[in-house]
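Listed below are the residues making up each chain.
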Amino acid sequence: MKDEFQIETMAVHAGEGPCPTTGALDTPIYMSSTFAAPTTDELAAIFEEKQEGYVYTRYGNPTLKALEDKMAALEGAEAGMAAATGMAAITTAILAFVKAGDHVVASTSIYGAAYNFINEKLPQMGVERTFVASSDIGEYERALRPTTKLIYFETPSNPVLQVTDIAALGKLANERGVATVIDNTFATPVLQRPLELGVDVAVHSATKYLCGHGDAMGGLILGQRDYIHRVYRDILRDFGGVMSPFNAWLILRGIRTLPLRMKASCANAWRIADFLNSHSTVERVNYPGLPSHPGHELAKRQMKASGAMISFELKGGYEAGRKVMDGVKVFSRAASLGDTRSLILHPASSSHRAVPREERLAIGISDSLVRLSVGIESGEDLIRDLEQAMES
Ligand code: PLP
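Residues numbered from 1 in each chain as written. Predicted model: local features only at pLDDT ≥ 70, side-chain atom pairs only at ≥ 80, totals over all residues. Heavy atoms only, no water.

Draft legend 1. Seen up close, the site of the ligand. In the region of the ligand, 16 residues are neighbours, and Met87, Asp183, Ser205, Thr207 and Lys208 sit closest. Between the ligand and asparagine 158, the relevant distance is 3.2 Å, taken from an oxygen atom to a side-chain nitrogen or oxygen of the residue. A distance of 2.8 Å is found between an oxygen atom of the ligand and a side-chain nitrogen or oxygen belonging to serine 205. Ranked by residues supplied to the shell around the ligand, first place goes to helix α4 (residues 86–95) with 3 residues. Looking at the shell around the ligand, its residues break down into 6 nonpolar, 7 polar and 3 charged. (Near = heavy atom within 4 Å. Polar contact = N/O pair within 3.5 Å; in protein donor to acceptor, adjacent residues only side chain to side chain. Helix = DSSP H or I, 4+ residues; strand = E, 2+ residues; numbered from the N terminus. Nonpolar A, V, L, I, M, F, W, Y, C, P; charged D, E, K, R; others polar.)

Take a look at the structure:
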């Protein structure tokens, strides 16, 4: 099921259908680690990929396949591969492109653990890396070397909401024979379809908006069929970070309401960003929907809406931020994002605590930065909650 349908229809139907044997309309959860074959020869043929079928869940599972197909349809990709977590998807996607002696260019404005993986773990494997601090495509170009195999980036980025020109970066990479991987967790394919803009691979923390209910961890990698097969054969099958079929089922269920949830969360986020922007205690608001955001025009071009993530700094530094965080009653003080519930987080002491302070400041994550993941509650209640916490 591909582009002849709108994303709302694909989110419900793609990758799924009645079970051919029982007619069960909802995708069954195949909680089976292994699968029996009628004969020795057939088992061997499936192992050797000469025949379609399942042998062992680390090698593939029908519930995971439904999720992979649904997400491939949503992202406009040829194929998809599920992984145990977003980080399993990110590390797998990168490792399928590089080997010792290669070079990677990455944005500094990416999820903290992805930054650590590229900054610390890749060099331990003999892979060199250069970080680019701004969204300036010229800086990416200057960072390229003859050995560069991959550009890795995130837009809008976590947690400063930096917006990078996907089409321009994809074009540069294509011209130079370099692959591109984007973390599309914040936008989801509902707001942004990077493969259509020339990027090779999209990765997701499915733990976030795709699942949407804060009850399952997962990751997804979407790209061309050959690449996804390489991801499976060269990395995931042997490294072993596969998703549980139960989590795949929860995430499949979550994706069916993804367009509805994104619409509600984005509408709330827009109102909250506007409220924060005019509040006397707020120093700065990072939200691509605000005309004052440096990536506002670009976000309007490459995104269908501005997303539901906001970060902001209060006058009065960390102490003021801590008071607001302690004062909220509807927002939950919690890591993660993309939940139906609204969440509030202090990146410097949580998601980015492992990033050295100097590096953290250089990428715009000050000690007082507070991040909001706006959920689907009443926007009015959320604003009232922030207002009373800020007045306190
Ligand atoms: N990418 C982004 C943008 C994230 O925010 C996160 C986690 O917060 C990840 C990737 C990692 O995902 P996971 O926690 O599912 O491994």
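Draft legend 2. Seen up close, the packing of aromatic side chains. Applying the stated criterion across every chain yields a total of 6 aromatic pairs. Between phenylalanine 35 and tyrosine 54, the ring centres sit 5.6 Å apart and the planes meet at 40°, which makes this aromatic pair tilted. Taken together, the residues span a long stretch of sequence, with phenylalanine 35 in the loop between α1 (7–13) and α2 (40–47) and tyrosine 54 in the loop between α2 and α3 (62–75) at a distance of 19 residues. With relative accessibility at 18%, the residue phenylalanine 35 sits in the buried group. Site record: aromatic cluster; members linked through ring pairs are Phe47, Tyr56 and Tyr59. Between the NZ or CZ atom of arginine 237 and the centre of the ring of tyrosine 232, over which it lies, the distance is 5.2 Å. (Phe/Tyr/Trp six-rings, centres within 6.5 Å; stacked < 30°, edge-to-face > 60°. Buried < 20%, exposed > 50% of the residue type's maximum accessible area, 1.4 Å probe, protein only. Lys NZ or Arg CZ within 6 Å of the ring centre and 35° of its normal.)

Draft legend 3. Local environment of unusual backbone geometry. Threonine 155 connects to proline 156 through a cis peptide bond whose omega is -10°. Following the sequence through the fold, proline 156 ends up in the loop between β4 (148–154) and α7 (166–175). Across the junction of asparagine 158 and proline 159, the peptide omega takes the value 0°, indicating a cis bond. Structurally, the position occupied by proline 159 is in the loop between β4 and α7. A positive phi angle is found at glutamate 49, which is not glycine, with a value near 60°. When you line up the elements, glutamate 49 lands in the loop between α2 and α3. On the basis of relative accessible area, glutamate 49 is assigned to the partly exposed category, the value being 40%. Of note in the backbone geometry, serine 336 takes a positive phi value of approximately 75° without being a glycine.

Draft legend 4. Molecular detail of the sheet that holds strand β3 (residues 128–132). On the basis of which strands lie adjacent, the open sheet formed by 7 strands has the order β1-β7-β6-β5-β4-β2-β3 and mixed pairing. Two strands in the sheet have a free side with no partner beyond their single neighbour: β1 (79–83) and β3. Here the average twist between neighbouring strands, direction ignored, is 20°. Across 3 bridges, strand β5 (residues 179–183) lies against strand β6 (residues 201–205) in parallel orientation. Bridging from a neighbouring strand, isoleucine 182 pairs with alanine 202 of β6. Against the sheet, α7 touches β4 and β5, its axis set at about 175° to β4. (Pairing = 2+ DSSP bridges. Axes fitted to C-alpha atoms, helices over the stretch in contact; angles between N-to-C directions. Contact = heavy atoms within 4.5 Å.)

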